[in-house]
Amino acid sequence: MITSIADVTTDAAPRYAKQLASHLGRKAPVEELTDGGYRLTLGSGEGVLEPQADRLLMRATAPDRESLAVVQDVLGSHLERFGQRNELTVTWADS
């Protein structure tokens, strides 16, 4: 499995994580985690949202680069759209 991480600075991480999980949960299975985060199954990959005090940590995992790119695109583009007013930017890095 291939994994990448995006560390998005925001003081509203729990709100963005919940909004993203709720929105994507209409079309994809979502599991609420015990730490306040969410796990989303997106095609053959998965995304994990981990809200923290000053940032939202997003982890994308998939069996190949093509599937990973899909997970990254879905999570990143939706978060950037939701956080447009606050100029959120998602940058992925291999982990």
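Residues numbered from 1 in each chain as written. Predicted model: local features only at pLDDT ≥ 70, side-chain atom pairs only at ≥ 80, totals over all residues. Heavy atoms only, no water.

(A) Focus on the environment of Leu 57. Structurally, the position occupied by Leu 57 is in strand E5 (residues 55-62). Placed 48 residues apart in sequence, Leu 57 and Thr 9 show a C-alpha to C-alpha distance of 8.6 Å. Dropping the residues within four chain positions of it, Leu 57 is found in contact with Ile 5, Ala 6, Asp 7, Val 48, Leu 49, Glu 50 and Gln 52. (Helix = DSSP H or I, 4+ residues; strand = E, 2+ residues; numbered from the N terminus. Contact = heavy atoms within 4.5 Å.)

(B) Here's a closer look at the pairing of E5. Counting buried positions over the eight residues of E5 gives six, a clear majority of the element. Pairing of strand E1 (residues 2-9) with E5 involves eight bridges; the strand directions are antiparallel. Counterpart to Val 8 in the pairing with E5 is Leu 56. Where strand E4 (residues 45-51) meets E5, six bridges bridge the pair, whose relative direction is antiparallel. Within E5, the residue paired with Glu 46 across the bridge is Thr 61. The hairpin formed by E4 and E5 contains three residues between the paired strands. (Buried < 20%, exposed > 50% of the residue type's maximum accessible area, 1.4 Å probe, protein only. Pairing = 2+ DSSP bridges.)

(C) Structural detail: helix H2 (residues 65-82). An ideal rise of 1.5 Å per residue puts 26 Å on 18 residues; H2 measures up with 25 Å between its terminal C-alpha atoms. Within the span of H2, buried status applies to Ser 67, Leu 68, Val 71, Gln 72, Leu 75, Gly 76, His 78 and Leu 79. End-on view of H2: buried residues confined to an arc of 170 degrees, all on one side of the axis. Facing away from the buried side of H2 by over 90 degrees, the exposed positions are Glu 66 and Asp 73. For H2, the secondary structure elements touched by its buried residues are E1, helix H1 (13-24), strand E3 (38-42), E4, E5 and strand E6 (92-94). Of the residues flanking the start of H2, the one acting as N-cap is Asp 64, its side-chain oxygen 3.2 Å from the backbone nitrogen of Glu 66. (Expected span 1.5 Å × (residues − 1). Arc of directions from axis to C-beta. Polar contact = N/O pair within 3.5 Å; in protein donor to acceptor, adjacent residues only side chain to side chain.)

(D) Region of the structure containing the environment of Arg 65. Residue placement: Arg 65 occurs in helix H2. Taking the C-alpha atoms as reference, Arg 65 lies 7.2 Å from Ile 2; in sequence the two are 63 residues apart. The residues contacting Arg 65, other than those within four sequence positions of it, are Ile 2 and Asp 94.

(E) Looking closely at unusual backbone geometry. Here Glu 87, not a glycine, exhibits a phi torsion of approximately 55 degrees, which is positive. Here Glu 87 lies in the loop between H2 and E6.

(F) Quick peek at the sheet that holds strand E2 (residues 30-32). With antiparallel pairing, six strands are arranged side by side in an open sheet as E2-E3-E4-E5-E1-E6. Lying at the two open borders of the sheet, with one neighbouring strand each, are E2 and E6. Pairwise comparison of adjacent strand axes, ignoring direction, gives a mean angle of 20 degrees for this sheet. Those strands touched by H1 are E2, E3, E4 and E5, and its axis lies near 150 degrees from that of E4. On top of the sheet, H2 reaches E1, E3, E4, E5 and E6; it is set at about 155 degrees to E5, its chief contact. (Axes fitted to C-alpha atoms, helices over the stretch in contact; angles between N-to-C directions.)

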